[in-house]
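Coordinate analysis (summary)
Single-letter residue listing:
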Amino acid sequence: MTFDQTSAKFVLRNLRCDDIPELIALPRVEGREMGQEPEILSWLNVDPSGIFVAETEEDGEIVGCCCGIALSDTHGYIGMYVVKSKYRGLGLGRVLWNAAINRLGNRNVSLSSAPKMLGFYKGKAGFSFTAKWTVDLYIATDPVLPNNASSRPLPFTVVVEPEGSFIQHVINYDYSVHKYDRSTIVQETIGEAGTLTLMAIEPSIEVSLKVTGYASMKKSIQGHWLIAPVYAEDYSSARSLVHGLINALSDDQLKEGVVAKLVSSNYEAAKLFHQIGMKKSPYQLQRLFTKEVFEIPESKIFALQSSIFCTE
């Protein structure tokens, strides 16, 4: 769709794979903590029509984006809402926003809002339901495992390969946490290039595996190592997963910094990340909804998968 804004003309369309390297610069400049190009590609695979971009008709420069991706038949999210600074004030944001909102139809829609945008989202955009918890960013410039962490903590952790035999166990565990089918999301997340995923297994004499959590880690667009998500039955399982991910990093990689986004109400998660030297930053987002708060098992979410792509 072509539309005029002042004297310039722009094109609104869906994101294509070859746009991703140019698109990723928009949230990077804004300081967003999210995965790199492979994460965008994974969400494009989940919903090929869910990410919208605005480009100049004259030279095809991508100047704004917004996603409206369906998580299920009944709920979805709005995220990655960015317009280049020199193109703000022209109404591009409104066009992108409307496209994303219309894409989700009558679903219960969620987003993560910075404090300065709360008034708009709650008062004018219809996001009138607020979760009791916030999204808190924890960061460490040089994380260190505690001295007593030299021995391998229990439960055991194993690496989950994208095409390996463990992936169905992860999908099943994810369903037990979220209560809806996220199999495509899980497969895409584990399959993202450069992503390490671990699964926690409780020792058992039973033939079947008893999975108690899983966690992933990848490089963020800000150059940090992003731990996202960490879903676990208990503190011990989360500790094993986080320690396993940190141990996988070299000394040089550790110096690049580690970040994670926590649910503010999970105090055990805060305790765990504090122990490896991660501190809460001033960054804080409020999760908003259009119809009702989508309840999540906060005690099992030790790190969110995303606040750009509001999956939880």
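Everything here concerns the structure above.
Everything numeric here is computed off the predicted structure, so don't read it as measured data.

Bridge analysis of strand β7 (residues 129–140) against strand β13 (residues 279–289) gives seven bridges, and the strand direction is antiparallel. Each residue of the ladder has a partner; that of Asp 136, found in β13, is Gln 284. Strand direction decides the pairing type here: β7 and strand β12 (residues 258–263), joined by six bridges, are antiparallel. Within β12, the position partnered with Asp 136 by the bridge is Leu 262.

A few words on the pattern of salt bridges. Overall, the coordinates contain 13 salt bridges when judged by the stated rule. Here Asp 19 and Arg 13 are joined by a salt bridge, their closest N and O atoms 2.7 Å apart. A relative accessible area of 6% places Asp 19 in the buried class. For Arg 16, the salt bridge is made with Asp 18, and the minimal N-O distance between the two is 3.6 Å. Residue class for Arg 16 comes out partly exposed when judged on its relative accessible area of 42%.

Attention shifts here to the packing of aromatic side chains. Inspection of the entire model under this criterion finds 11 aromatic pairs. Plain terms: the ring middles of Tyr 180 and Phe 294 are 6.2 Å apart, the flat faces sit at 80 degrees to each other, and that makes the pair edge-to-face. A residue pair is termed long-range when its members are at least 10 positions apart, and Tyr 180 in the loop between α6 (167–178) and α7 (183–191) and Phe 294 in the loop between β13 and β14 (301–303) qualify at 114 residues. Looking at Tyr 180, the relative accessible area reads 10%, which means it is buried. Above the plane of the ring of Tyr 235 lies Lys 271, whose end atom (NZ or CZ) is 5.0 Å from the centre.

Mapped onto the secondary structure, Gly 93 falls in helix α4 (residues 92–104). Gly 93 gets classed as buried once you look at its relative accessible area, which sits at 15%. C-alpha separation for the pair Gly 93 and Arg 28, spaced 65 residues apart in sequence, amounts to 18 Å. Beyond its immediate stretch of four places on either side in the chain, Gly 93 contacts Tyr 81 and Val 83.

A disulfide bridge is the covalent bond that connects two cysteines by way of their sulfur atoms. Following the criterion strictly, the structure yields zero disulfides and no others. For the unlinked cysteine Cys 65, the closest cysteine sulfur is that of Cys 66, found at 7.4 Å. Lacking any disulfide linkage, Cys 67 is separated from the closest cysteine sulfur, that of Cys 66, by 6.0 Å.

What counts and how
- One numbering rule holds for all chains: residues counted from 1, following each sequence as written.
- Where totals are concerned, whole chains, interfaces and linings use all residues; where local detail is concerned, this predicted model gives features only for residues with pLDDT of at least 70, and gives and counts side-chain atom pairs only at 80 or more.
- As a rule here, side-chain values come from all non-hydrogen atoms in the structure, and water together with hydrogens is ignored.
- A strand pair is defined by DSSP finding two or more bridges across the two strands.
- In this description a helix means any DSSP run of H or I spanning at least four residues, a strand means any run of E spanning at least two, and both kinds are numbered starting from the N terminus.
- Think of a salt bridge as a Lys or Arg side-chain nitrogen and an Asp or Glu carboxyl oxygen that are within 4 Å of each other.
- Exposure classes here rest on a 1.4 Å probe applied to the protein chains alone. A residue is buried below 20% of its type maximum, exposed above 50%, and partly exposed in between.
- When the centres of two rings from Phe, Tyr and Trp lie within 6.5 Å, Trp using its six-membered ring, the rings pair. Their planes under 30 degrees apart give stacked, over 60 give edge-to-face, and anything left gives tilted.
- Two conditions define a charge sitting above a ring: the NZ of Lys or the CZ of Arg must be within 6 Å of the ring centre, and it must be within 35 degrees of the ring normal.
- Residue contacts are defined here by distance: any two heavy atoms, one from each residue, within 4.5 Å place the two residues in contact.
- Throughout, disulfides are identified as pairs of cysteine sulfur atoms within 2.5 Å of each other.

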